[in-house]
Amino acid sequence: MNKEIKKYNKWIVTLSIAIPLVVAILFRVKIGATLPIFLPPIYATLNAFTAVILIIAFWAIKNKKVVLHEKLMKTAILFSVLFLVMYVAYHMTSESTKFEGEGALKIFYFIILISHIVLSIAVIPFVLITYVRAITNNIELHKKIARITFPLWLYVAITGVLVYLMISPYY
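Residues numbered from 1 in each chain as written. Predicted model: local features only at pLDDT ≥ 70, side-chain atom pairs only at ≥ 80, totals over all residues. Heavy atoms only, no water.

Participant: Would you explain helix 4 (residues 103-135) in this entry?
Facilitator: Think of an α-helix as turning once every 3.6 residues; residues three or four places apart then point the same way. Taking 1.5 Å per residue, 33 residues should reach 48 Å; helix 4 reaches 47 Å between its end C-alpha atoms and fits that length. Along its length, helix 4 reaches its greatest deviation from straightness, about 30°, at Val 123, and the proline Pro 125 lies no more than four positions downstream. Along helix 4, the residues that are buried comprise Tyr 109, Ile 112, Leu 113, Ser 115, His 116, Val 123, Ile 124, Val 127, Thr 130, Val 132 and Arg 133. Its buried side turned inward, helix 4 meets helix 1 (3-28), helix 3 (66-93) and helix 5 (139-167). (Helix = DSSP H or I, 4+ residues; strand = E, 2+ residues; numbered from the N terminus. Expected span 1.5 Å × (residues − 1). Bend = angle between axes of the 7 residues up to and from the residue. Buried < 20%, exposed > 50% of the residue type's maximum accessible area, 1.4 Å probe, protein only. Contact = heavy atoms within 4.5 Å.)

Here it is as structure tokens:
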């Protein structure tokens, strides 16, 4: 393993464990402030933008527009971080909204929700490893893992929007 990549491994492991743990802990913390109800559509929009950016970044790299790809991927990471901060802040100040749909729609909702949550945790190390391989110029290994990271991250971004759209009538 490349020495430069190795120095990032501690950070990748630490962040891959710390981010979900901190989010889980903060979900249990309730603060007295009230954030505006319009925050969920904003963070859902960030998820939608992330999905679009990922698709454009995929197109860019397939068309050898490396600089554009790099800028788009950094933007996708930024949008994902902003989403996470807003999402946690909202849930620290507001009660969770219950899905009130029934039957097959309720089953579909929970399948999407559970897969979204599980994969949003699983994608963290993939994104970090993919990013490190890019910034350390280990392009062959970057391409290998990006083939896994891209569909996972895209699925998480799209299902985040779907979950919001399905639960939004109950806010």
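So, next bit.
Participant: Mind showing me how you'd approach the nonpolar core here?
Facilitator: A general feature of soluble globular proteins is that nonpolar side chains tend to end up buried together. Formed by 20 residues in total, the largest nonpolar core has its most connected members in Tyr 43, Ile 53, Leu 54, Leu 72, Ala 76, Val 123 and Trp 153. Counting only elements with at least two residues in this core, the list comes to helix 2 (39-62), helix 3, helix 4 and helix 5. Broken down by element, the residue count for this core peaks at eight residues, all from helix 2. With residues up to four places along the chain from it excluded, the contact list for Leu 54 reads Met 73, Ala 76, Phe 150, Trp 153 and Leu 154. Ile 112, Leu 113, Val 163 and Met 166 belong to the second-largest nonpolar core, a separate cluster that totals seven residues. (Core = buried A, V, L, I, M, F, W, Y, C linked by side-chain atoms within 4.5 Å.)

Participant: Any chance you could explain the side chain of Thr 130 here in plain terms?
Facilitator: Turning to its location among the elements, Thr 130 is positioned in helix 4. A polar atom in the side chain of Thr 130 sits 2.6 Å from the backbone oxygen of Phe 126. Excluding anything up to four places from it in sequence, Thr 130 contacts His 142, Ile 145, Ala 146 and Thr 149. (Polar contact = N/O pair within 3.5 Å; in protein donor to acceptor, adjacent residues only side chain to side chain.)

Participant: Explain the pattern of salt bridges to me, please; I cannot follow it from the model alone.
Facilitator: Side-chain pairs of opposite charge can arise where the charged atoms are in close proximity. Scanning all chains against the criterion turns up two salt bridges. The closest approach of N and O atoms between Lys 74 and Glu 70, which form a salt bridge, is 3.1 Å. Highlighted residues: Lys 74 and Glu 70, both in helix 3, separated by four residues, approximately one helical turn. Using a relative accessible area of 41% as the deciding quantity, one classes Glu 70 as partly exposed. Of the charged contacts in the structure, one is a salt bridge between Glu 140 and Lys 143, with a shortest N-O distance of 3.6 Å. Here the residue Glu 140 and the residue Lys 143 both occupy positions in helix 5, the gap between them amounting to three residues, near one helical turn. Here Glu 140 falls in the exposed class, since its relative accessible area comes to 56%. The exposure class of Lys 143 is partly exposed, given its relative accessible area of 39%. (Salt bridge = Lys/Arg side-chain N within 4 Å of Asp/Glu carboxyl O.)

These results come straight from atomic positions and should not be treated as a statement about function.
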